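# Coordinate analysis (summary)
The lines below spell out each chain.
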Amino acid sequence: MTVPDGATPAAISAARPTPMGRWWLRNRWDDLTFVHLAYAPEVVQALLPDGLRVDTLDGMAYVSLVPFEMNQATPRFVPPIPWISSFAETNVRTYVVDSAGNRAVWFFSLEADRLAIVVFARWLLGFPYVWSRLTVEGEAGRRRYVTESRRWPKRPRSITDVTIEIGDEIDAPSELDAFLTARWGTVVQWPRRRGRLRHHPVDHPEWRIHEATLVDHHDESFVAAGLPEPTGTPIVRWVDGIDAWFGRPTRV
């Protein structure tokens, strides 16, 4: 395995440190919940492609379950398309450093309930999307996110049922909160499993993060990604919503 030990990681910054340039894709992410779990770095590193190094804080790597509602997902100059541009999504992600020193997100899986989105993102961009049955419910300060089943690809099997209670907004996010959210790009391998790594830059306003508490938590997506069953206490956060813009990818 080739790991970019010589890459100096970019500084962690709550706002994008350098201009992104012209964006080509926009999203709005609403009702985001983050369930963060710590892992030994070597466990996560073993699942990464050559050219990526797992990022760590205080000697630990992190993997996050992130369910939310995607809205206004559309390319530049194209208005949001009813139904297609809004959908439930759940992803499993970890935090990496690429050969250019970008502190980025690596997705183990992204589940969405719109087949057209899955096909577009999977085959044209290289993101490991899965067509799934998902629902998001909310009332009285609680949110419930359910992945009932995977439709395509169906294997590995994964079911998720997460309910959280939303707490107060965090006035001063911790070093760990910044480490887990100040990620100004994602890395994908395209063609998947044998292709080159590409860094997709992203820009968005600063996060307004809330405390949150797990009320119910059943998840199979970590194990489906090849990770051992998580242990330890999850760190749970919630964000009301945020607009995001993606720039053109570059090879790393």
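In the block above lies the structure referred to throughout.
The notes below deal with the structure included here. (Residues numbered from 1 in each chain as written. Predicted model: local features only at pLDDT ≥ 70, side-chain atom pairs only at ≥ 80, totals over all residues. Heavy atoms only, no water.)

Take the overall build of the protein next. Within the protein, the regular secondary structure consists of four helices and 13 strands. The principal-axis extent of the C-alpha atoms belonging to the protein is close to 50 × 40 × 40 Å. Every one of the 252 residues in the protein was classed for burial, and the buried ones make up 51%. As presented, the protein carries roughly 11,800 Å² of accessible surface, and 52% of it is formed by carbon and sulfur atoms. A distance of 12 Å separates the average location of the 29 positive side-chain charges in the protein from that of its 31 negative side-chain charges. (Helix = DSSP H or I, 4+ residues; strand = E, 2+ residues; numbered from the N terminus. Buried < 20%, exposed > 50% of the residue type's maximum accessible area, 1.4 Å probe, protein only. Areas by Shrake-Rupley, 256 points an atom, 1.4 Å probe, with all protein chains shown as cover. Lys, Arg positive; Asp, Glu negative; His and termini not counted. Charge placed at Lys NZ, Arg CZ, Asp CG, Glu CD.)

Here the focus is the layout of surface pockets. By volume, the largest pocket is sized at about 670 Å³. If you trace the largest pocket, you find 39 residues lining it, with L25, N27, M70, Y129 and F246 closest to the centre. Contributing elements (two or more residues each) for the lining of the largest pocket: β1 (23–39), β3 (61–75), β4 (87–97), β5 (103–112), α2 (115–125), β9 (185–190) and β10 (196–203). For the second largest pocket, the lining is made up of 25 residues, of which F107, F108, P128, R192 and R193 are closest to its centre. Taken together, the elements giving at least two residues each to the lining of the second largest pocket come down to β5, β9 and α4 (221–224). Element by element, the count of residues in the lining of the second largest pocket is highest for β5, at four residues. Considered class by class, the residues forming the lining of the second largest pocket number 15 nonpolar, five polar and five charged. (1 Å grid on protein atoms, 1.4 Å probe; cavity = no way out; pocket = protein on both sides within 12 Å on 5 of 7 lines; lining within 4 Å. Points joined across faces, edges and corners; volume = space filled by probe spheres on them. Nonpolar A, V, L, I, M, F, W, Y, C, P; charged D, E, K, R; others polar.)

Attention now goes to the environment of A121. Examined against the element boundaries, A121 turns out to sit in helix α2. Sequence separation of A121 and L110 is 11 residues, and the distance between their C-alpha atoms is 9.9 Å. If near-sequence neighbours (up to four positions away) are discounted, A121 is found in contact with G126, F127 and Y129. (Contact = heavy atoms within 4.5 Å.)

The subject of this paragraph is the nonpolar core. Nonpolar side chains tend toward joint burial in soluble globular proteins. Ranked by size, the top nonpolar core spans 35 residues in total, and within it W29, L32, M70, F127, Y129 and W207 carry the most contacts. Where this core is concerned, the elements lending two or more residues are β1, β3, β4, β5, α2, α3 (175–181) and β12 (235–247). Within the second largest apolar cluster, 26 residues are counted, among which are A61, Y145, L227 and W238. (Core = buried A, V, L, I, M, F, W, Y, C linked by side-chain atoms within 4.5 Å.)

Taken as a whole, this structure holds 13 salt bridges when the rule is applied. Taking the shortest distance from any N to any O, the salt bridge between R28 and D30 comes out at 2.9 Å. Residue classification places R28 among the partly exposed positions, given a relative accessible area of 22%. By relative accessible area, which is 15% here, D30 ends up buried. With a closest N to O distance of 3.3 Å, R150 and E111 form a salt bridge. (Salt bridge = Lys/Arg side-chain N within 4 Å of Asp/Glu carboxyl O.)

Turning our attention to unusual backbone geometry. Backbone torsion omega between W152 and P153 reads -15 degrees, so that peptide bond is classified as cis. Within the element layout of this structure, P153 appears in the loop between β7 (142–152) and β8 (160–169). The peptide bond linking R155 to P156 adopts the cis configuration, its omega dihedral lying at 0 degrees. Along the polypeptide, P156 turns up in the loop between β7 and β8. Although it is not a glycine, D58 sits at a positive phi angle of roughly 55 degrees. Mapped onto the elements of the fold, D58 is located in the loop between β2 (53–54) and β3. Its relative accessible area of 71% is what places D58 among the exposed residues. If you check the backbone angles, A140 has positive phi at about 45 degrees while not being a glycine. Within the secondary structure, A140 sits in the loop between β6 (129–139) and β7. With a relative accessible area of 81%, A140 lands in the exposed category.

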